[in-house]
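# Survey of secondary and tertiary structure
What follows is each chain in one-letter form.
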Amino acid sequence: MPDPRLEIQMLHDRVLVRVVEGAGERRSSAGIVIPATAQVAKRLVWGEVFGVGQHARTVKVGDRVLLNPEDQYEVEVQGSSYLILRERDLHAVAAERAEHGTGLYL
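Residues numbered from 1 in each chain as written. Predicted model: local features only at pLDDT ≥ 70, side-chain atom pairs only at ≥ 80, totals over all residues. Heavy atoms only, no water.

As recorded in an unreviewed UniProt entry, the protein chain goes by the name 10 kDa chaperonin, listed as coming from Pseudonocardia dioxanivorans. Its UniProt record gives the protein chain the following Sequence similarities (unreviewed entry) comment, quoted word for word: "Belongs to the GroES chaperonin family." Here the protein chain is described in UniProt, under the heading Subunit (unreviewed entry), as follows: "Heptamer of 7 subunits arranged in a ring." (UniProt positions renumbered as here; feature names shortened; annotations may be inferred.)

Now for the pattern of salt bridges. Pairs can form between side chains of opposite charge once their charged atoms are near each other. Tallied over the full model, the rule gives 1 salt bridge. For R14, the salt bridge identified is with D13, shortest N-O distance 2.9 Å. Overall, D13 belongs to the buried group, its relative accessible area being 19%. (Salt bridge = Lys/Arg side-chain N within 4 Å of Asp/Glu carboxyl O. Buried < 20%, exposed > 50% of the residue type's maximum accessible area, 1.4 Å probe, protein only.)

A few words on unusual backbone geometry. Of note, the phi angle at H12 is positive, near 55 degrees, even though the residue is not glycine. Mapped onto the elements, H12 comes out in the segment before β1 (14–19). Residues other than glycine seldom take positive phi values, yet Q78 does so here, at roughly 50 degrees. In this structure, Q78 sits in the loop between β6 (73–77) and β7 (80–86). (Helix = DSSP H or I, 4+ residues; strand = E, 2+ residues; numbered from the N terminus.)

Scanning the model with the defined rule gives 1 aromatic pair in all. Where F50 meets Y82, the ring centres are 5.5 Å apart and the plane angle is 75 degrees; that geometry is what we call edge-to-face. One end of the pair, F50, is in strand β4 (residues 45–52); the other, Y82, is in strand β7, with 32 residues separating them in the sequence. The class for F50 is partly exposed, based on a relative accessible area of 33%. Classification of Y82 as buried rests on a relative accessible area of 12%. (Phe/Tyr/Trp six-rings, centres within 6.5 Å; stacked < 30°, edge-to-face > 60°.)

Right under this line is the structure:
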């Protein structure tokens, strides 16, 4: 008998995020490549939301969020790595429905 596919549902205020590829290596304004291993300060990264719990109030599936990839729980689902964190651990959200935006766009 084949294994039934079970849908993952996040609980409470938990958010399931996949880090956007290319978030590590970056370029300076002068065009110099800065490797992901070079760190001056803690670097936040952008990720895409794949699941939210019923008590998450600000983010929705499909939003891009700014987060600290360290000190989070990591899980692998069907060969892809995801982070699980609380909504309060997110630093920003980029979405078309922004009400109190900064005037900056991705």
